Amino acid sequence: MADRGPSSLFGKLAPSGRVSDFYWRFQNQEHQVVMSFEQVSVDFSDGIPGVQHLTGDVVLDGNRFSGHIYAANSSLDFDKHFLQPIPFKEISSNFDGRWTHDFFTFNAFDILFDSDALNLSADVGLTIPTDGEVSMSLLANIHRGDAEQAALFYPHLLMGQDLVNYLNDAIIAGQLSQGQVLFNGPFSAFPFNEHQGIFIVNAELEDAKFSFDSEWPAISNFAANSNFTNNSMLITAREGRL
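Quick caveat, the model's predicted, so the values are computed rather than measured.

If you look at soluble globular proteins, the nonpolar side chains tend to sit buried side by side. In this structure, Phe113 and Phe199 are the most contacted members of the largest nonpolar core, which totals 57 residues. Counting residues per element, this core draws most heavily on strand S10 (residues 198-210), at six residues. Aside from chain neighbours lying at most four places away, what touches phenylalanine 199 is Pro155, Met159, Val181, Leu182, Phe183, Phe190, Phe192, Phe228, Thr229 and Asn230.

Structure, rendered in structure tokens:
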């Protein structure tokens, strides 16, 4: 198993940018650091997305850290896990974490994400063992979404390409009025056939144009609840017009 200690993870993130207001103290065999940063870029690694133009601050105290980040007019790069880097107008988050000889944890909370296609708030936690499988806990609340651009946000490695292809053909237009995303478990165990975790997307679709099948006419003014649990899908329609 490849080394996933803090120094190795920091190396893979490959941060670059400017640091200011740097304070460092070494006391009782522990480092304490306070600093601000701007225009920082990081690469994707172990579930942590790559992003550019980060501004924020961080406090390091022994084996624990915390801070705040903000970025504008950039994108989140999840490597091969999404169709392409996900563009945004603004993103902000508080974060904290710690490391031991056995694991590294990273938590981002009070996340606010805004783009032309999606507005959401979220909390996410990553546990990265030194020798083991990376796991994630995520709870996201969708406040607004453009269903026509939904393909940008499909985690196609989790959902499966057949389901993604169906949704790309089926959802022609519409709005997401609200929704929720829940993921809890190790990435490698998806779709959790042995109950190792859970993945749920529950969303309200409004004023949509939807094609259940290429041989059928599309439904307009479509309103429905869409539920994806692990690798299953359930669509409950409330109204629509043929």
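Tracing the backbone through its elements, the reader meets leucine 139 in strand S8 (residues 135-146). Note: C-alpha distance between leucine 139 and glutamine 180 (41 residues apart in sequence) is 7.2 Å. Not counting chain neighbours up to four residues away, the residues in contact with leucine 139 comprise Ser121, Ala122, Asp123, Gln180, Val181 and Leu182.

Here we take up the pattern of salt bridges. Inspection of the entire model under this criterion finds six salt bridges. A salt bridge links aspartate 114 to lysine 89; its shortest N-O distance comes to 3.7 Å. Of this pair, aspartate 114 sits in strand S6 (residues 103-114) while lysine 89 sits in strand S5 (residues 86-99), placing them 25 residues apart in sequence. Lysine 89 gets classed as partly exposed once you look at its relative accessible area, which sits at 37%. Between arginine 144 and aspartate 114 there is a salt bridge, and its shortest N-O distance comes to 2.9 Å.

Taken residue by residue, a regular strand's side chains alternate between the two faces of the sheet. Of the pairings in the sheet, the one linking strand S4 (residues 64-76) to S5 comprises twelve bridges and is antiparallel in character. Opposite isoleucine 69, over in S5, you have serine 93 as the bridge partner. Strand direction decides the pairing type here: S5 and S6, joined by nine bridges, are antiparallel. Pairing of phenylalanine 95 across the sheet is with alanine 108, part of S6.

Across a sheet, paired strands are connected by hydrogen bonds in the backbone, their directions being either parallel or antiparallel. Pairing is antiparallel across the open sheet formed by twelve strands, whose spatial order is S1-S2-S3-S4-S5-S6-S7-S8-S9-S10-S11-S12. Each edge of the open sheet is held by one strand with a lone partner, namely strand S1 (16-27) and strand S12 (232-241). Between one strand axis and the next, the sheet turns through 10° on average, direction left out of account. Two elements, S6 and strand S7 (residues 118-129), share ten bridges in a ladder whose sense is antiparallel. Within the sheet, the bridge partner assigned to phenylalanine 113 lies in S7 and is leucine 120. Contacting strand S9 (171-186), S10, strand S11 (219-229) and S12, helix H3 (residues 161-170) crosses the sheet at an angle of about 160° to S9.

Right, let's get into the environment of phenylalanine 26. Tracing the backbone shows phenylalanine 26 in strand S1. Given the relative accessible area of 41%, phenylalanine 26 is considered partly exposed. Once the C-alpha coordinates of phenylalanine 26 and glycine 62 are considered, the two residues, 36 residues apart in sequence, prove to be 9.4 Å apart.

Under the counting rule described, the total for this entry stands at 15 aromatic pairs. Between phenylalanine 212 and phenylalanine 222, the ring centres sit 5.8 Å apart and the planes meet at 90°, which makes this aromatic pair edge-to-face. Placement of the pair is phenylalanine 212 in the loop between S10 and S11 and phenylalanine 222 in strand S11, with a sequence separation of ten residues. A relative accessible area of 28% places phenylalanine 212 in the partly exposed class. The rings of Phe65, Phe95, Trp99, Phe104 and Phe106 are connected pair by pair, giving a single aromatic cluster.

Once S5 ends, the chain turns through three residues before running back antiparallel as S6. Hairpin geometry of S6 and S7 is characterised by an intervening segment of three residues between the two adjacent antiparallel strands.

As a rule of thumb, non-glycine residues mostly have phi less than zero, and peptide bonds are mostly trans rather than cis. Despite not being glycine, alanine 14 has its phi angle at roughly 50°, a positive value. Structurally, alanine 14 can be placed in the loop between helix H1 (6-13) and S1. Positive phi is not limited to glycine here, since asparagine 73 has a value of about 55°. Assignment of secondary structure puts asparagine 73 in strand S4.

About the cut-offs
Residues numbered from 1 in each chain as written. Predicted model: local features only at pLDDT ≥ 70, side-chain atom pairs only at ≥ 80, totals over all residues. Heavy atoms only, no water. Core = buried A, V, L, I, M, F, W, Y, C linked by side-chain atoms within 4.5 Å. Buried < 20%, exposed > 50% of the residue type's maximum accessible area, 1.4 Å probe, protein only. Helix = DSSP H or I, 4+ residues; strand = E, 2+ residues; numbered from the N terminus. Contact = heavy atoms within 4.5 Å. Salt bridge = Lys/Arg side-chain N within 4 Å of Asp/Glu carboxyl O. Pairing = 2+ DSSP bridges. Axes fitted to C-alpha atoms, helices over the stretch in contact; angles between N-to-C directions. Phe/Tyr/Trp six-rings, centres within 6.5 Å; stacked < 30°, edge-to-face > 60°.

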